[in-house]
Amino acid sequence: LKPSPSPAPRSVAGPPTQYPTAKVVPGKPGYVLSPYDPNGGYVDVNGYASGSKVKDPYSGKIFLVP
C-alpha cells in the first residue's frame, strides 16, 4: 500500500481586486463621497494619499482615495 502524494498547495493569486474610486467633494478638500453610497454623507480622507484604500464607514466596503 503506497501513500498517495499530497496535493500541491494552490496559489490564491488571482487577478488583483479592483476597487472603485470615491468622488471629490467640491469646496471640501480632504472629503469624498463614497462610491457605494453617494448620498451617505462625506467621508474624511485627510491624511490619506491618493490611491490609498479606505473603508467606507457607511457600507464597510473598500474604496480608493482619488
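Quick summary incoming for the structure in this document.

## Remarks on the sheet that holds strand 1 (residues 23-24)
Spatially, three strands are ordered 1-2-3 in an open sheet, and the strand pairing comes out antiparallel. The open sheet is flanked by strand 1 and strand 3 (42-44), the only strands paired with a single partner. As defined by bridge partners, strand 2 (residues 31-33) adjoins strand 3 across three bridges and the pair is classed as antiparallel. Across the sheet, tyrosine 31 pairs through a bridge with aspartate 44, a residue of strand 3.

## What to know about the side chain of serine 34
The residue serine 34 is located in the loop between strand 2 and strand 3 in this model. A residue is classified by how much of its surface remains accessible, and serine 34, at 2% relative accessible area, is buried. Here aspartate 56 takes part through its side chain, which lies 2.9 Å from a polar atom of the side chain of serine 34. Once residues within four sequence positions are removed from consideration, serine 34 is found in contact with Val43 and Asp56.

Rules of the game
- Residues numbered from 1 in each chain as written.
- Predicted model: local features only at pLDDT ≥ 70, side-chain atom pairs only at ≥ 80, totals over all residues.
- Heavy atoms only, no water.
- Pairing = 2+ DSSP bridges.
- Helix = DSSP H or I, 4+ residues; strand = E, 2+ residues; numbered from the N terminus.
- Buried < 20%, exposed > 50% of the residue type's maximum accessible area, 1.4 Å probe, protein only.
- Polar contact = N/O pair within 3.5 Å; in protein donor to acceptor, adjacent residues only side chain to side chain.
- Contact = heavy atoms within 4.5 Å.

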